[in-house]
Amino acid sequence: MPTQPVPSSGRHIRDILRDRERSFSFEFFPPKTAAGADNLWRVITEDLAPLDPAFVSVTYGAGGSTRENTIEIVRRIAAETAITPMAHLTTVLAGREEIRQVIAELAAAGVHNILALRGDPPRDMPDYDRSADEFAYAADLVEFIHAHPAADFCVGVAAFPERHPLATDLDTDVRNFVAKVKAGADFAITQMFFEAHHYWRYRDLADQYGMPAEVPIIPGIMPVTNVSQVQRIAQLSGADFPQWLYDRLVAAGDDPDAVQRAGVEAATELCHELLEGGAPGIHFYTLNKSPATREIHANLNT
Ligand SMILES: Cc1cc2nc3c(=O)[nH]c(=O)nc-3n(C[C@H](O)[C@H](O)[C@H](O)COP(=O)(O)OP(=O)(O)OC[C@H]3O[C@@H](n4cnc5c(N)ncnc54)[C@H](O)[C@@H]3O)c2cc1C
């Protein structure tokens, strides 16, 4: 007998988070090739689904460049798996009409969770003038999604423990973050960071500025499996890549397996510290790969 596709629960992430003592979730980006897409589908359904993720999320390429791909991947996850998908959505380079349309497509696809972001202009548009954007900040998108007639969405937002790269100072950035949450966010996911103190300081500041107690801030963690790659990503995102971590990875030598082992060990220690200290879960930046994430998950559950 042919197997029936398992319908997605289509649940709101805020309800899933409330039900779980701690959550593990995974982030992917839309691949550019058919082979990449096949690989991603295998990673999601065979490698990571057995870890029972609270949700998985799919990024939205700079300036909306992966719009169709992002929607297609979350649609497929919702239709063919029991995992709850979340689509990232950015407003840079997009007008209200386009965003309204994307929200309608997500609702029609059975996707009820959106990470609302302002986004960055593509790197080949360094002179892009944001003042022409119809949405000034992510908070405007949060409100826009809730006002959309298509569906009742659960909305997440981004948090930057080491402050957003364009923010003048951390305090101002955290105040803007709390205002964004109060515009209607149900949870937040942080930019990657490599030392727990960044997260505690951010969480404490957010509390100080009136963060609603029921809105979790989930740490986003990128396991280092390739030193130069993650160092470059960290630099682009404004995260501090500490010297001690660099030294520890370099000490692993030229053997990629030894580097990965050292990266997994360091990320496991960070996740342990965060969870022990009361973080609500871990969101893994997987870069569409599963081994490091699976190993860290196993380490945290033994
Ligand atoms: C978890 C996560 C996932 C991401 N996924 C993607 C993705 O899929 N695609 C993508 O292109 N990018 C993604 N990004 C990157 C993100 O889009 C960029 O970092 C972007 O520059 C900031 O987005 P934001 O939603 O935080 O913006 P905002 O919340 O709008 O903040 C941007 C800046 O504006 C300031 N600000 C906010 N409100 C105000 C106000 N009222 N007045 C004055 N200043 C204000 C903030 O302090 C900050 O400096 C992601 C980031 C994270 C942390």
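Note that this is a predicted model, so its numbers are computed, not measured.

Student: Looking at this model, I keep getting lost on the overall build of the chain. Mind explaining?
Tutor: Scanning the chain from N- to C-terminus turns up eleven helices and eight strands. Radius of gyration (C-alpha) of the chain: 19 Å, near the 19 Å computed for a compact globule of 302 residues. Expressed as lengths along the three principal axes of its C-alpha atoms, the size of the chain is roughly 60 × 55 × 40 Å. Across the 302 residues in the chain, those meeting the buried criterion constitute 43%.

Student: I would appreciate a short explanation of the confidence of the model for the chain in the present structure.
Tutor: Per-residue confidence for the chain gives a mean pLDDT of 94, with 97% of residues at or over 70. Contacts from residues 1-7, a stretch scored under 50 in pLDDT, to residues over four places away or in other chains number four contacts.

Student: What's the story with the site of the ligand in this structure? I'm lost.
Tutor: Every one of the 23 residues lining the ligand counts as a neighbour, but Thr59, His88, Arg118, Ala138 and Ala158 are closest to it. Secondary structure elements with two or more residues in the shell around the ligand: β3 (85-90), β4 (113-117), α5 (138-147), α6 (170-182) and β6 (187-192). Per-element tally for the shell around the ligand: the top contributor is α6, with three residues.

Student: Which parts of the structure should I look at to understand the packing of helix α10 (residues 256-276) against helix α11 (residues 291-300)?
Tutor: The geometry of a pair of packed helices is captured by two quantities: the angle between their axes and the separation between those axes. Interhelical geometry of α10 versus α11 gives an angle of 45° and a closest axis separation of 9 Å. As far as their axial angle goes, α11 and α10 are oblique. α11 is crossed by α10, and the crossing has right-handed handedness. Contacts between α10 and α11 pair Gln260, Gly263, Val264, Ala267, Thr268, Cys271, His272 and Leu275 from the former with Ala292, Glu295, Ile296, Asn299 and Leu300 from the latter. In terms of residue class, the contact of α10 with α11 is built from seven nonpolar, five polar and one charged.

Student: Which parts of the structure should I look at to understand the pairing of β3?
Tutor: Strand residues, when the strand is regular, have side chains that alternate between the two faces of the sheet. The element β3 is largely enclosed, with a buried count of six among its six residues. The pairing of strand β2 (residues 55-58) with β3 spans three bridges and is classified as parallel. Pairing of Val58 across the sheet is with Ala87, part of β3. Of the pairings in the sheet, the one linking β3 to β4 comprises four bridges and is parallel in character.

Student: For this particular structure, what's the right way to read the pairing of β4?
Tutor: Counted residue by residue, β4 has four buried out of five residues, so it is predominantly covered. Crossover handedness for the path β3 to helix α4 (residues 96-108) to β4: right-handed. Two strands pair when backbone bridges link them, and β4 and strand β5 (residues 154-159) are joined in this way by three bridges, in the parallel orientation. The residue bridging Asn113 from the neighbouring strand is Cys154, located in β5. A crossover connection joins β4 to the parallel β5 through α5; in handedness this β-α-β unit is right-handed.

Student: Would you mind showing me how to read the sheet that holds strand β7 (residues 217-221) here?
Tutor: The strands making up a sheet associate through backbone hydrogen bonding, with each pair oriented either parallel or antiparallel. In space, the eight strands of this closed barrel follow the order β1-β2-β3-β4-β5-β6-β7-β8, with parallel pairing throughout. For this sheet the average axis-to-axis angle between neighbouring strands, irrespective of direction, equals 30°. Contacting β7 and β8 (281-285), α10 runs over the sheet at an angle of about 170° to β7.

Student: Hey, could you run me through helix α2 (residues 34-48) in this one?
Tutor: Since the α-helix advances by 3.6 residues per turn, residues separated by three or four positions end up pointing in the same direction. Helix length check: α2, at 15 residues, gives a terminal C-alpha distance of 20 Å against a target of 21 Å (1.5 Å per residue), a fit within 8%. If you check which residues of α2 are buried, you get Val43, Ile44 and Leu48. Summarising the contacts, the buried residues of α2 are in contact with β1 (23-28), β2, α3 (67-80) and α11.

About the thresholds
Residues numbered from 1 in each chain as written. Predicted model: local features only at pLDDT ≥ 70, side-chain atom pairs only at ≥ 80, totals over all residues. Helix = DSSP H or I, 4+ residues; strand = E, 2+ residues; numbered from the N terminus. Rg over C-alpha atoms; globule rule 2.2 N^0.38 Å. Buried ≥ 20, exposed ≤ 12 C-beta atoms within 10 Å, placed from the backbone. pLDDT = per-residue confidence, 0-100. Contact = placed C-beta atoms within 7 Å. Near = placed C-beta within 6 Å. Axes fitted to C-alpha atoms, helices over the stretch in contact; angles between N-to-C directions. Parallel < 35°, antiparallel > 145°, perpendicular 65-115°, else oblique. Left-handed = near helix turned anticlockwise from the far one by under 90°. Nonpolar A, V, L, I, M, F, W, Y, C, P; charged D, E, K, R; others polar. Pairing = 2+ DSSP bridges. Right-handed = clockwise from strand over helix to strand, strands pointing away. Expected span 1.5 Å × (residues − 1).

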